[in-house]
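# Descriptive analysis of the structure
The chain contents come next:
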Amino acid sequence: MKKMLNKFKLQGFTLAEMVVTLTIMLGLVGLGTIKINEYREKLILENTVKEIKSSIEHAARRSAIQNRTSIVRYYPTSKKLIIIGGKKPQIIKIKPQISISNLRLLKISISGSLPPHTITVTNHHYTRRVKLQMTWGRAIDDK
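Now for a quick tour of the structure.

Parameters and conventions
- Residues numbered from 1 in each chain as written.
- Predicted model: local features only at pLDDT ≥ 70, side-chain atom pairs only at ≥ 80, totals over all residues.
- Heavy atoms only, no water.
- Helix = DSSP H or I, 4+ residues; strand = E, 2+ residues; numbered from the N terminus.
- Buried < 20%, exposed > 50% of the residue type's maximum accessible area, 1.4 Å probe, protein only.
- Contact = heavy atoms within 4.5 Å.
- Areas by Shrake-Rupley, 256 points an atom, 1.4 Å probe, with all protein chains shown as cover.
- Expected span 1.5 Å × (residues − 1).

### A short note on the overall build of the protein
Each helix and strand in the protein was counted, giving 2 helices and 8 strands. Each helix and strand of the protein, placed in order from N terminus to C terminus, yields the pattern α-α-β-β-β-β-β-β-β-β. By the burial criterion, 28% of the 143 residues in the protein qualify as buried. Contacts in the protein between residues far apart in sequence, at least 24 positions, make up 48% of those at least 6 positions apart. Of the accessible surface of the protein, which amounts to about 10,500 Å², a share of 62% is contributed by carbon and sulfur atoms.

Okay, here's the thing in structure tokens:
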């Protein structure tokens, strides 16, 4: 009879082995989720900085070509960057987790230049500084 029971006994994992395996798997998944969220935050910040830089550079070029003054304004409460100087204002919506400092009002002259200015873009974990030296028509990252 014992021989018969051993023949039908199934091999499998014990409860302890299952708990250890699930703990390791959950740890790996949790770590991956944290890293993905950090990467997403960095990506949103980088894309916002690029969008701000390119919009200001575009406004400077447009001012020089159209021989008009442009004004760049940032409204922190509504999280909007508004560039006035063309036929209609350009409105850029900023993500709620992003904060921009030192960018209340910028005036771009008819030659497309503005005095040197540094803005700070942050998402409360990462910070980027951008130097605006628009005499040469380019914004410079301060890493």
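### Topic: helix H2 (residues 15–66)
Given 3.6 residues per helical turn, the α-helix brings residues three or four places apart onto the same face. Here H2 spans 75 Å end to end across 52 residues, near enough to the 76 Å set by a 1.5 Å rise per residue. Downstream of H2 by a residue or two, asparagine 67 has a phi angle that is positive, lying close to 55°.

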